[in-house]
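Residue-level listing of the chains:
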Amino acid sequence: MRKKQVLIIEDDEDIQELVAHNLTREGYTVIQAYDGEKGLQEAKNKQPVIILLDLMLPEMDGLDVCRYLKKETKTEEIPVVMLSAKGEETDIVTGLELGAEDYITKPFSPKVLIARIRTVLRRKADQQKQRESGKISVHDIIIHPGRHEVLYKNKKIVLTMTEFKVLQLLAQKPGWVFTRSRIVDGVKGEDYPVTERSIDVQIVGLRKKLGKAGDYINTVRGVGYKFEE
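All right, on to helix H3 (residues 62-71) then. Because each turn of an α-helix spans 3.6 residues, side chains separated by three or four positions end up pointing in the same direction. Of the positions making up H3, those classed as buried are Gly62, Leu63, Val65, Cys66, Leu69 and Lys70. Along the axis of H3, the buried positions cluster into a sector of 160°, meaning they face one direction only. In this fold, the buried residues of H3 make contact with strand S1 (5-9), helix H2 (36-46), strand S3 (50-54), strand S4 (80-85) and helix H4 (89-98).

Right, let's talk about the pattern of salt bridges for a bit. Applying the stated criterion to the full structure yields eleven salt bridges. The partner of Lys38 in a salt bridge is Glu42, with the nearest N and O atoms 3.5 Å apart. Of this pair, Lys38 and Glu42 are both found in helix H2, four residues apart, which corresponds to roughly one turn of the helix. Its relative accessible area of 34% is what places Lys38 among the partly exposed residues. Among the salt bridges present, the one from Glu42 reaches Lys46, with a minimum N-O distance of 3.1 Å. Taken together, the residues Glu42 and Lys46, both in helix H2 and four residues apart, mark about one turn of the helix. Using a relative accessible area of 10% as the deciding quantity, one classes Glu42 as buried. Salt bridges sharing partners connect three or more residues here, namely Glu10, Asp54 and Lys106.

Once that is clear, we can look at the packing of H3 against H4. For the pair H3 and H4, interaxial distance at closest approach is 9 Å and the crossing angle is 10°. Classified by the angle between their axes, H3 and H4 sit roughly parallel to one another. Of the residues in H4, those in contact with Leu63, Cys66, Arg67 and Lys70 of H3 are Asp91, Thr94, Gly95 and Leu98. Here the residues of the contact of H3 with H4 sort into three nonpolar, two polar and three charged.

Within the secondary structure, His144 sits in strand S7 (residues 141-144). On the accessibility criterion, His144 (14% relative accessible area) is buried. Beyond its immediate chain neighbours, meaning those up to four positions away, His144 contacts Lys135, Glu149 and Phe164.

Reading across from one edge, S10-S12-S11 is the order of the three strands in this open sheet, with antiparallel pairing throughout. Of all the strands in the sheet, just strand S10 (178-179) and strand S11 (217-220) have a single pairing partner and so form its edges. Pairing between S10 and strand S12 (residues 224-227): two bridges, direction antiparallel. Considered in S12, the bridge of Thr179 is made with Gly224. Lying on the sheet, helix H6 (residues 161-171) is in contact with S10, S11 and S12; it crosses S12 at an angle near 70°. Running over the sheet, helix H8 (residues 196-210) touches S11 and S12 and is turned about 150° from S11.

The rules behind these values
- Residues numbered from 1 in each chain as written.
- Predicted model: local features only at pLDDT ≥ 70, side-chain atom pairs only at ≥ 80, totals over all residues.
- Heavy atoms only, no water.
- Buried < 20%, exposed > 50% of the residue type's maximum accessible area, 1.4 Å probe, protein only.
- Helix = DSSP H or I, 4+ residues; strand = E, 2+ residues; numbered from the N terminus.
- Arc of directions from axis to C-beta.
- Contact = heavy atoms within 4.5 Å.
- Salt bridge = Lys/Arg side-chain N within 4 Å of Asp/Glu carboxyl O.
- Axes fitted to C-alpha atoms, helices over the stretch in contact; angles between N-to-C directions.
- Parallel < 35°, antiparallel > 145°, perpendicular 65-115°, else oblique.
- Nonpolar A, V, L, I, M, F, W, Y, C, P; charged D, E, K, R; others polar.
- Pairing = 2+ DSSP bridges.

Here you go:
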């Protein structure tokens, strides 16, 4: 059985070796790149299962790398986890809007990093199953996109079109942090104009209608929202 390959794009040698060592111990095959250009090349050639991407890279920064990864057909589906120093909130938000899956702030515990990687990979596998079945099932909530139907513990929840779209977007990727801007992009339409400010109102309405299940929608301060795993 081929080991899962993880690509680390990080210019700090100490962090590279620490992360590589711990990933190898867990049975992963590690691909290392110390700059953005090399990272992009390795991503295209090796097709890793996940990419750990530092934001502060020489010449081509992590945001540009993420932008290119998500534009390329060969790499757009590879989940990206950003590694960032504290205080880079704006960059984190930008990275998430570009399509990054998650972010981890430095300094971080190797155990936490491994756990987050496993979570991302498990989430990706679950999403694939959901795409194949056409139904989203998370916690006690079942969402039927084709029927525009939401069930919580087998009880039907009546939602507006916008509320349904917001819930569907969040629930199909539990644990994934969505910025308000990204939620707007995911639910906007001619019949229901949505703004970033109105997203907060939609979330309040969703939580109220879902009752106890509304607690699964978490606020990520300064960033946006996510659906609890």
